[in-house]
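A closer look at the structure
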Amino acid sequence: MLQVNKLEPFSKAQQPEEGWQTYLQILRRQYPLVVGTLACCLLLAVLYLFTAAPKFTATASLVIDTRKVQLFQQQSMLGDVAVDSATVETQVEILKSENISLAVIRDLKLTEDPEFTGGGGGPLGLIVKLITAVLGNNGPRSEYELMRAALLKFEESRTIKRVALTYVMEIGFTSLSPEKSERIANAIADAYIVDQLEAKYQATRRASVWLQDRIKELRTQASAAQKAVVDFKQANNIVDTGGRLMNEQQLAEINSQLIVTKAATAEAKARLERINDIMKQEIPDASVTDALKNETIVKLRNQYVDMAAKESVWSVKYGRDHLAAVNLRTQMQEIRKNITDELKRIQQAYKSDYDIAAAREDSIKNSLSNIVSESQFTNQAQIQLRELESNAQSYQAMYDNFLQRYMESVQQQSFPITEARVISPASRPLRKSSPKTLIVLAISIIGGLGISIGLAMARDAADDVFRTTDQVEMELQTSTALILPSIKPDKSVRSSREEFNSSLLQYVVDHPLSRFAEAVRSLKVTVDLNHRTQGKVVGITSTLPNEGKSTVSSNLAHLIAQSGKRVILIDGDLRNPSLSRKLGITATTGGLYDLIANSSSNDELQPLEILQNLAFLPAGSAPNLAHTSELLASEQMVSVVKRLKRQYDYVIVDMSPLAPVVDARVTTAYVDAFFYVAEWGKTKRSVIRHTLAKNSEIYDRLLGVILNKANTAALGRYQSYHGDYYYEKYYARYGYTE
């Protein structure tokens, strides 16, 4: 017998590690729930496939053309920027807008289509209509309500998406009719293109109106700026000639004239000074004569030289006083006088030329000084003039630019263009798009598996009962645990419930080769092993009533008696003697209560002989006592058990359950060992643990735990239980079948 000092809860260290094997075991235990849930999901899927109306989806494709051919060479006034990802996403949202949807609804008159304003097609649609008719208003709906209902259905059936990272947008529409889905998908694409054209037309028209007003304003501003330039030039005597101002040109010309005049003055002064030097000579030399280049002076000088030569010759020849020589000298004097007069005339001419040149130089200098003064004033005015001219040029450039834009807008208004175009119009679909049979079935299977596994995990986690011997041994820390299969009445034999319950008490006798009998033999082996070391008295108890402890007690006693050992079976449940009632012995006066109450009759102890080697001591005619535990703990009870141990090889006591009463707890003084019976799959683990923890005296003497009334068909899911299979296979060798 395993001696345990204290019952401790199953600690984490003792818990098996969770892994895929653990989950497989859970699924194995809960497979009916898994299969049932999966079957329900498949059934719902099949019902949906049979009841749902088939729908067809048509798809059209649009592209945002980034290489759009420009109709005009000039850049569009609306600024056709490069198309990026955000632009394409914006166009997708425009396609989803109510403006496009309402345009299609109005064009195709979808408010008159029951698919959009009713409950839809198929049985589900009929159900929706009936519910709406019962709960809603049966009166006619307004145009606005029909439009909103159609819009809601329209948006549910329409799909707009961008194809990967391209500039292509797919427009899909799902309808009960393939022709209708094709027509609506193409209508959405057309409505979008028309909307884009209308938007550009309206934008161009508004821009044209604005440009007209702006052009008028700019024309007035440009004219005013040009007039301001002209008025300023007139006010400041600024004349522009060939790209240059008049005063600048005059200044350059006068400066050139001044240079020339200065040179002429210097030349005239040089001639005058030279003639003055010549005037100091009596007869100018030949170089002077040649420099003057005056024919008169040259001729007179030549005459003078000839006469001087003659006078020299005649003076030498005839003497200086000779008349001829004197005449020659007189003529020579006359020639000198003529030369001097001619030189004076030239001197006067040179002097006049010099005076004229000097006067001219002074005049040009005065003019230059005046022009320089005027130029300084003009340069100051030039700053303001340039600003006025810059303003005039800016206004004129803006006017020209806006005028050009206006002409472009007028041209674009007459022929607007859009970047979007249809590259693949929708065609009539040949196959339904929903419900997709394979997908619905796959979803139902996957969803059913998920739901069923979740329910199985939850149910298994909430399964607070013992179903396997491993659970008992690990949680209750007992080395012996066995399972007794449930016994069901034979359908071929008609019997009452009382007869069946009575037959259960000796089932091992009637069915010696059954699996139940083999399990009870395992109990007997445990009792035999315990008999050698501990004692003869074995008590059988349970947590709650009706768990089968009386059946186990009776069958164990019958099996021991069949083995040739003398055994006595005692109904120790004085409060509820169910074993005595099942055996039909309830009114006897020689029961356990009578033996305890009348200690003098112990010498006349004569239990009832049920079978050979098997005696039964019923509970007796005990009244409804409140203190049965005191009777069971009395010295008289101990004396009765001692006498029975001397007379019998085994004493089997069917005791009261532990949870409702404390009677079994007081029997530890004379009971050597206990078997604890729990109903398989019904009695809560927490109740059993709590009960055994409160009854540590019984737990210390516990031989084992018996899981009674086990469903052997379900037991195979909880552990590798093949007892029936191997047991029957073993006996099949001998031609036995039960």
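Residues numbered from 1 in each chain as written. Predicted model: local features only at pLDDT ≥ 70, side-chain atom pairs only at ≥ 80, totals over all residues. Heavy atoms only, no water.

**Overview of the overall build of the protein chain**
If you tally the helices and strands in the protein chain, you get 26 helices and 14 strands. Here the protein chain holds 738 residues, and the buried ones make up 40% of them. Here the analysis covers contacts within the protein chain between residues at least 6 apart in sequence; of these, 83% occur between residues at least 24 apart. Entry remark: accessible area of the protein chain is about 41,400 Å², with carbon and sulfur atoms responsible for 53%. (Helix = DSSP H or I, 4+ residues; strand = E, 2+ residues; numbered from the N terminus. Buried < 20%, exposed > 50% of the residue type's maximum accessible area, 1.4 Å probe, protein only. Contact = heavy atoms within 4.5 Å. Areas by Shrake-Rupley, 256 points an atom, 1.4 Å probe, with all protein chains shown as cover.)

**Concerning the pairing of strand 11 (residues 614-617)**
Because side chains alternate across strand 11, one face comprises the buried residues Leu614 and Phe616, and the other comprises Ala615 and Leu617, equally buried. Relative to strand 11, strand 9 (residues 567-571) runs parallel, the two sharing four bridges. When the bridges of strand 11 are listed, Leu569 appears paired with Phe616. Pairing of strand 10 (residues 608-611) with strand 11, which is carried by three bridges, proceeds in the antiparallel orientation. Of the residues in strand 11, the one forming a bridge with Leu611 is Leu614. Connecting strand 10 to the next strand, strand 11, in antiparallel fashion are two residues, including Asn613 with a positive phi near 70°. (Pairing = 2+ DSSP bridges.)

**Brief notes about the sheet that holds strand 6 (residues 420-424)**
With antiparallel pairing, the four strands of this open sheet are ordered in space as 2-3-1-6. Where the open sheet ends on each side, the last strands, each with one partner, are strand 2 (158-162) and strand 6. Strand after strand, the sheet turns through a mean of 30° between neighbouring axes, direction not considered. Where strand 2 meets strand 3 (residues 168-175), five bridges bridge the pair, whose relative direction is antiparallel. Among the inter-strand pairings, Arg162 is bridged to a residue of strand 3, identified as Met169. Taken strand by strand, helix 3 (residues 85-95) contacts strand 1 (56-64), strand 2 and strand 3, and its axis lies near 175° from that of strand 2. (Axes fitted to C-alpha atoms, helices over the stretch in contact; angles between N-to-C directions.)

**Overview of unusual backbone geometry**
A cis amide bond links Ser434 to the next residue, Pro435, at an omega of -5°. Residue placement: Pro435 occurs in the loop between strand 6 and helix 13 (437-461). Even without a glycine there, the phi angle at Lys109 is positive, about 55°. In this fold, Lys109 is placed in the loop between helix 4 (98-108) and helix 5 (114-117). Overall, the relative accessible area of 54% leaves Lys109 in the exposed class.

**Comments concerning the pattern of salt bridges**
Considering all chains together, one arrives at 19 salt bridges under this definition. Between Asp341 and Lys337 there is a salt bridge whose closest N-O contact spans 3.5 Å. Here the residue Asp341 and the residue Lys337 both occupy positions in helix 12 (residues 323-414), the gap between them amounting to four residues, near one helical turn. Looking at Asp341, the relative accessible area reads 37%, which means it is partly exposed. Using a relative accessible area of 46% as the deciding quantity, one classes Lys337 as partly exposed. With its nearest N and O atoms 3.3 Å apart, the salt bridge here joins Asp355 to Lys351. Highlighted residues: Asp355 and Lys351, both in helix 12, separated by four residues, approximately one helical turn. With a relative accessible area of 39%, Lys351 lands in the partly exposed category. Through salt bridges that share partners, Asp113, Glu115 and Lys180 make up one connected network. (Salt bridge = Lys/Arg side-chain N within 4 Å of Asp/Glu carboxyl O.)

**So, the packing of aromatic side chains**
Geometrically, a pair of aromatic rings is defined through the distance of the ring centres and the angle of the planes. Evaluation of the coordinates by the stated rule reveals three aromatic pairs. Between the aromatic rings of Phe154 and Phe173, the centroid separation amounts to 5.1 Å while the plane-to-plane angle is 45°, which identifies the pairing as tilted. A residue pair is termed long-range when its members are at least 10 positions apart, and Phe154 in helix 7 (residues 143-157) and Phe173 in strand 3 qualify at 19 residues. Taking the relative accessible area as the measure of exposure, Phe154 reaches 0% and is therefore buried. Among the aromatic residues, ring-to-ring pairing joins Phe116, Phe154 and Phe173 into one connected group. If you follow Arg467 out to its NZ or CZ, it ends over the ring of Trp680, 5.1 Å from the centre. (Phe/Tyr/Trp six-rings, centres within 6.5 Å; stacked < 30°, edge-to-face > 60°. Lys NZ or Arg CZ within 6 Å of the ring centre and 35° of its normal.)

**Re the environment of Leu632**
Structurally, Leu632 can be placed in helix 21 (residues 628-632). Through-space distance from the C-alpha of Leu632 to that of Thr667 is 6.5 Å; in sequence the pair is 35 residues apart. Not counting chain neighbours up to four residues away, the residues in contact with Leu632 comprise Gly572, Leu574, Leu592, Met637, Asp663, Val666, Thr667 and Tyr670.

Fair warning: the whole summary comes from geometry, so function is off the table for now.
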